[in-house]
Amino acid sequence: MNKPRCGAKTRDGTPCQQYPLQGKTRCKLHGGKSTGAGAGNQNASTHGIYKSVLSEEEQARWHDIEIGRLDDELRLWRTRLLRALAAEQAARDKPELEEIIARKAGGQEQPGAEKRFKRRDYAAIVDRIMGRIESLERTRLELMKGDGSEASAVEPIVIEISTPTPKPGMH
């Protein structure tokens, strides 16, 4: 009786000569020991994390952005910088809600939920974003020098910050 072999190909292209594991079609070296993905495995599912944080306008342009283009990445980081500056201005050094911890109430004296607030370090966020923009600009200059293009053709960073006008009677 001729027992079947593993069936996988070795690195040199010849068929594997090992016997498969009991009830499997492959040997232990070629995946026979694998139990496969568990029930309910979500590893291959798309998470949609970017769609949840993009505005409708950004979602509409999502597929138009070419991956790997330095200028597009610069635009993205500049957008993030503008968002961070706007958020910093809106927060005006007020603590922001970080999380709500729900608790089962033990009685009327104990609160049902605990709210935690923290002051977001916008200076560090802006510094990190500016560092990334600087790195991308440096890479862009180096690439332009390699092309023989003029380095003076680099688009300057322009940031507009508008301050809200105070309402009458407010200080």
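These numbers come from a predicted model, not from an experiment. Counting of residues starts from 1 at the beginning of each chain's written sequence and follows it residue by residue. Local features in this predicted model are restricted to residues whose pLDDT is 70 or higher, and side-chain atom pairs enter the listing and the counts only when it is 80 or higher, whereas totals over whole chains, interfaces and linings include all residues. Side-chain numbers here rest on the full set of heavy atoms in the structure, without hydrogens or water.

Our focus in this paragraph is helix α3 (residues 70–91). Numbered from the N terminus, helices here are DSSP runs of H or I no shorter than four residues, and strands are runs of E no shorter than two. To estimate how far a helix should extend, the number of its residues minus one is multiplied by 1.5 Å. The terminal C-alpha atoms of α3 lie 31 Å apart, and with 22 residues this matches the ideal 32 Å at 1.5 Å per residue to within 8%. Along α3, the residues that are buried comprise Leu70, Asp72, Leu74, Trp77, Arg78, Leu81, Ala84, Leu85 and Ala91. Just beyond α3, the residue with positive phi is Arg92, at close to 45°. Any residue under 20% of the maximum accessible area for its type is buried, any over 50% is exposed, and the rest in between are partly exposed; the area is computed with a 1.4 Å probe on protein chains only.

A separate point is the packing of aromatic side chains. Aromatic rings considered in pairs are described by the distance between their centres and by the relative angle of their planes. For Phe, Tyr and Trp, rings pair up if their centres lie within 6.5 Å, where Trp contributes its six-membered ring, and each pair is then called stacked (planes under 30 degrees apart), edge-to-face (over 60) or tilted (otherwise). Tallying each qualifying case throughout the model produces 0 aromatic pairs. When the ring centre of Tyr19 is taken as origin, the NZ or CZ atom of Lys3, which lies over that ring, is 5.3 Å away. Two conditions define a charge located above a ring, namely a distance within 6 Å from the ring centre to NZ of Lys or CZ of Arg, and an angle within 35 degrees of the ring normal.

Bringing the environment of Leu136 into the picture now. Here Leu136 lies in helix α4 (residues 122–147). Here, residues are in contact when the closest pair of their heavy atoms is within 4.5 Å. Residues in contact with Leu136, not counting those within four places in the same chain, are Leu70, Glu73, Leu74 and Trp77.

Pairing is possible between side chains that carry opposite charge, provided their charged atoms lie close to one another. Criterion for a salt bridge: a side-chain nitrogen of Lys or Arg within 4 Å of a carboxyl oxygen of Asp or Glu. Tallied over the entire structure, the rule returns 5 salt bridges. For Asp71, the salt bridge goes to Arg140, with nearest N and O atoms at 2.8 Å. Of the two residues, Asp71 sits in helix α3 while Arg140 sits in helix α4, which places them 69 residues apart along the sequence. For Arg140, a relative accessible area of 13% corresponds to the buried category. Between Arg132 and Glu73 there is a salt bridge; the shortest N-O distance is 2.5 Å.

Purely geometric stuff here, so don't read any function into it on its own.
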